[in-house]
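Structure at a glance
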Amino acid sequence: MRTAIYWLSRIWRSDALSAFGLASLLLLIFLGIFGPLLPLGDPTQIAAGPRLGPPTPQHPFGTDELGRSFLPRVVQGIRATFLLSAIAVLISAMIGTFLGMAAGYFGRAVDIMVARGADILFAFPALLVGLLVAAVLGPGQVSAIAVIAIATLPLLIRVVRSVTLSVAGRGFVTAAEVAGASAGRILLLHILPNVMGAVMVQLTYALSIGMIIESALSFLGLGVQPPDASLGSLLRQGSAYLTIAPWMAMSSGAVLSLAIMSVNLVGDAVRDALEPLKGRDLT
């Protein structure tokens, strides 16, 4: 808890853009978690207002083709997009950290096998993987999580492997090996703490990529299925009425853009905090 508060305060004090990104991200997370408890309306209530009604004080984001208030549906979409992307990225981070450390520390056959496997996954476009996974598992949330995890895994493996290669040659690792420490103990106690900074930075960027992929899959009908909503499915819904009810696509698209931008700004702040000398002129 103290560590989280420390990082939040450090990001908040870094610069105006980072503070804006952090505030926006915390607001979106708050809406995603506590949205059902707020007096925003029922996202599934039909005829809550006029069909395709414009924004009003009662319905700030207007209404859709069934008369449902669009604001609670956008809040529902925030929760789905964030939740699915976060679950997938955490799965990818656990697998990628383990494989990257194994490749960087053991080298040789393990390194070749893991690195070539990551290259193969990296060669497939995310949407093509989404079509293949949806054909096997069917469209839905499980397919979206699987596609995001597969798409973000190669980058995490590469980053962790690169950091592990530099850490594995340091004196404290050599001293642990000479002292007879097992490979598992060295990976867990000596290498993992030194790669966590890089993992934290990549997690933020992977989360933004995950939200883009989830939204694209839902836009194509391969992700979240009705009556549930995600930002991508709401964007698809609004695109059908773009000429007569542009507020539907504009509201969901603006929230999605804000979410991705906020995550990237926080990721930049975390990177700058972990690498304070990067980009500075020391002469």
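Just so we're clear, the structure is a prediction, and the values are computed from it rather than from any experiment.

Following the sequence through the fold, Gln225 ends up in the loop between α8 (183–219) and α9 (231–239). Placed 188 residues apart in sequence, Gln225 and Leu37 show a C-alpha to C-alpha distance of 23 Å. Aside from chain neighbours lying at most four places away, what touches Gln225 is Pro139 and Gly140. A polar contact is formed between the side chain of Gln225 and the backbone oxygen of Gly223, at a distance of 2.8 Å.

Let us now look at the side chain of Glu214. Position of Glu214 relative to the elements: it lies in helix α8. No salt bridge is formed by the buried Glu214; its nearest oppositely charged neighbour, Arg236, is found at 10 Å. Once residues lying within four places of it in the same chain are set aside, the contact partners of Glu214 are Thr81, Leu84, Ser85, Ile148, Val224 and Ser230.

Another aspect to go through is the pattern of salt bridges. Two side chains that carry opposite charge are able to pair once their charged atoms sit near each other. A complete count under the given rule lists six salt bridges for this structure. Here Asp119 ties to Arg116 by a salt bridge, and the two come within 3.0 Å at their closest N and O atoms. Note that Asp119 and Arg116 are positioned in helix α4 (residues 108–123) at a spacing of three residues, about one turn of the helix. On the accessibility criterion, Asp119 (29% relative accessible area) is partly exposed. You can call Arg116 partly exposed: its relative accessible area is 45%. A salt bridge links Arg158 to Asp119, with the shortest nitrogen-to-oxygen separation between them at 2.9 Å. Linking Arg158 in helix α6 (residues 141–168) with Asp119 in helix α4, this pair joins segments that are 39 residues apart in sequence.

This part covers the nonpolar core. Ranked by internal contacts, the top residues of the largest apolar core, which has 24 residues, are Val74, Ile78 and Phe82. Contributions of two or more residues to this core are made by α2 (16–34), α3 (70–106), α8, α9 and α10 (246–274). Looking at which element gives the most residues to this core, the answer is α10, with nine residues. Setting aside chain neighbours within four positions, we find Ile78 in contact with Leu28, Gly32, Leu231 and Val255. Within the second largest apolar cluster, 16 residues are counted, among which are Val133, Val147, Ala206 and Ile213.

Calculation rules
Residues numbered from 1 in each chain as written. Predicted model: local features only at pLDDT ≥ 70, side-chain atom pairs only at ≥ 80, totals over all residues. Heavy atoms only, no water. Helix = DSSP H or I, 4+ residues; strand = E, 2+ residues; numbered from the N terminus. Contact = heavy atoms within 4.5 Å. Polar contact = N/O pair within 3.5 Å; in protein donor to acceptor, adjacent residues only side chain to side chain. Buried < 20%, exposed > 50% of the residue type's maximum accessible area, 1.4 Å probe, protein only. Lys, Arg positive; Asp, Glu negative; His and termini not counted. Salt bridge = Lys/Arg side-chain N within 4 Å of Asp/Glu carboxyl O. Core = buried A, V, L, I, M, F, W, Y, C linked by side-chain atoms within 4.5 Å.

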